[in-house]
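So you can see what is in the structure, the chains are spelled out below.
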Amino acid sequence: MFINIESHLVRIHIDREPYESPNPTTGEALYELGHVARHRDLFREVGGDQEDEYIPRDAEKIHLKEDVHFYSQKAVIVVVNGEAHEVVETRLTFEEVVKLAYPVPPKGQCIEFTVTYRDGPPANPKGILTAGHSVKIKNKMKFDVTPTDRS
């Protein structure tokens, strides 16, 4: 009798739902299996004080263990001008960050804002966000929003 030990089904969990997946599998297959939206990222839970492992949406082989847990990032905390905010998107626009910083805009004839960020994901760890643009975010990313009256 021949048993293919290269590929067999294992029980895994994606967003707390149980699934059966071939082992090994790919990131693409896990995103599809768990119905993870195109703008969400998938992570494998890692024990201890290590950061959970990001799973890219690609064809690279991933080896699974029985009952491993994955989750799609549904909400993250961003810190804007020292205040924590929970957001559900994976990108924020300049305008969204300014609104988080100043739900009631400052008064003035010609208020302009400068938005800088740090502690971002590897693709954009720090920089300046300008009007009309957006930036990929990660948990605990920090933004500084400074108003200026150019009257």
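Conventions and cut-offs
Residues numbered from 1 in each chain as written. Predicted model: local features only at pLDDT ≥ 70, side-chain atom pairs only at ≥ 80, totals over all residues. Heavy atoms only, no water. Helix = DSSP H or I, 4+ residues; strand = E, 2+ residues; numbered from the N terminus. Buried < 20%, exposed > 50% of the residue type's maximum accessible area, 1.4 Å probe, protein only. Contact = heavy atoms within 4.5 Å. Core = buried A, V, L, I, M, F, W, Y, C linked by side-chain atoms within 4.5 Å. Pairing = 2+ DSSP bridges. Axes fitted to C-alpha atoms, helices over the stretch in contact; angles between N-to-C directions. Salt bridge = Lys/Arg side-chain N within 4 Å of Asp/Glu carboxyl O.

Undergrad: Hey, could you run me through the overall build of the protein chain in this one?
TA: The secondary structure content of the protein chain amounts to two helices and 14 strands. Seen through its C-alpha atoms, the protein chain measures out along the principal axes to roughly 85 × 25 × 20 Å. When each of the 151 residues of the protein chain is scored for burial, the buried share is 32%. Put simply, 56% of the contacts in the protein chain that link residues at least 6 apart link residues at least 24 apart.

Undergrad: Can you walk me through unusual backbone geometry in this structure?
TA: Residues other than glycine predominantly adopt negative phi, and peptide bonds predominantly adopt the trans conformation. Looking along the chain, the bond that leaves Asn 23 and enters Pro 24 is cis, with omega of 5°. When you line up the elements, Pro 24 lands in the loop between β2 (17–23) and β3 (25–26). Positive phi, normally seen in glycine, also occurs at Asp 119, with a value near 60°.

Undergrad: Please explain the nonpolar core as it appears in this structure.
TA: As a rule of thumb, soluble globular proteins bury nonpolar side chains together. Val 78, Val 97, Val 115, Leu 129, Ile 137, Phe 143 and Val 145 are the most contacted members of the largest nonpolar core, which has 18 residues in total. Those elements that provide at least two residues to this core are β8 (76–80), α2 (94–101), β11 (111–118) and β14 (141–149). A total of four residues in this core trace back to one element, the largest contributor, which is α2. Apart from residues lying up to four places away in sequence, Val 145 is in contact with Val 80, Asn 81, Val 97, Val 98, Ala 101, Tyr 102, Phe 113, Thr 114 and Val 115.

Undergrad: I'm lost on the sheet that holds β2 in this one. Help?
TA: Sheet strands pair by backbone hydrogen bonding; their relative direction is either parallel or antiparallel. Here we have five strands laid out as an open sheet, ordered β2-β1-β7-β4-β5, and mixed in their pairing. The open sheet terminates on both sides in strands that have one partner only, identified here as β2 and β5 (53–55). The average undirected angle you get between the axes of adjacent strands in this sheet is 40°. Where strand β1 (residues 8–14) and strand β7 (residues 68–72) come together, three bridges link them in parallel fashion. By the bridge assignment for β7, Ile 12 is matched with Val 68.

Undergrad: Quick question: what am I supposed to make of the pairing of strand β9 (residues 83–87) here?
TA: Put simply, side chains in a regular strand alternate between the two faces of the sheet. Where β8 meets β9, five bridges bridge the pair, whose relative direction is antiparallel. Considered in β9, the bridge of Val 80 is made with Glu 83. Where β8 folds back on β9, the antiparallel hairpin that results is connected by two residues, among which Asn 81 adopts a positive phi of roughly 50°.

Undergrad: Can you help me understand the pattern of salt bridges in this one?
TA: A side chain of one charge can pair with a side chain of the opposite charge if their charged atoms are brought near each other. Counting across every chain of the model gives five salt bridges. For Arg 118, the salt bridge identified is with Asp 144, shortest N-O distance 2.7 Å. Separated by 26 residues along the polypeptide, Arg 118 in strand β11 and Asp 144 in strand β14 bring together distant segments of the chain.

Undergrad: Hey, could you run me through the environment of Val 36 in this one?
TA: The residue Val 36 is located in the loop between α1 (27–33) and β4 (42–44) in this model. Exposure remark for Val 36: the relative accessible area of 8% places this residue in the buried category. Setting aside anything within four residues of it in sequence, one finds Val 36 in contact with Ile 14, Tyr 31, Leu 42, Arg 57 and Ser 72.

Undergrad: I would appreciate a short explanation of the pairing of β14 in the present structure.
TA: Judged from the three bridges that link them, β8 and β14 form a sheet pairing that is parallel. Each bridged residue has a counterpart across the sheet, and for Val 78 the counterpart in β14 is Met 141. Two strands pair when backbone bridges link them, and β11 and β14 are joined in this way by eight bridges, in the antiparallel orientation. When the bridges of β14 are listed, Thr 114 appears paired with Thr 146.

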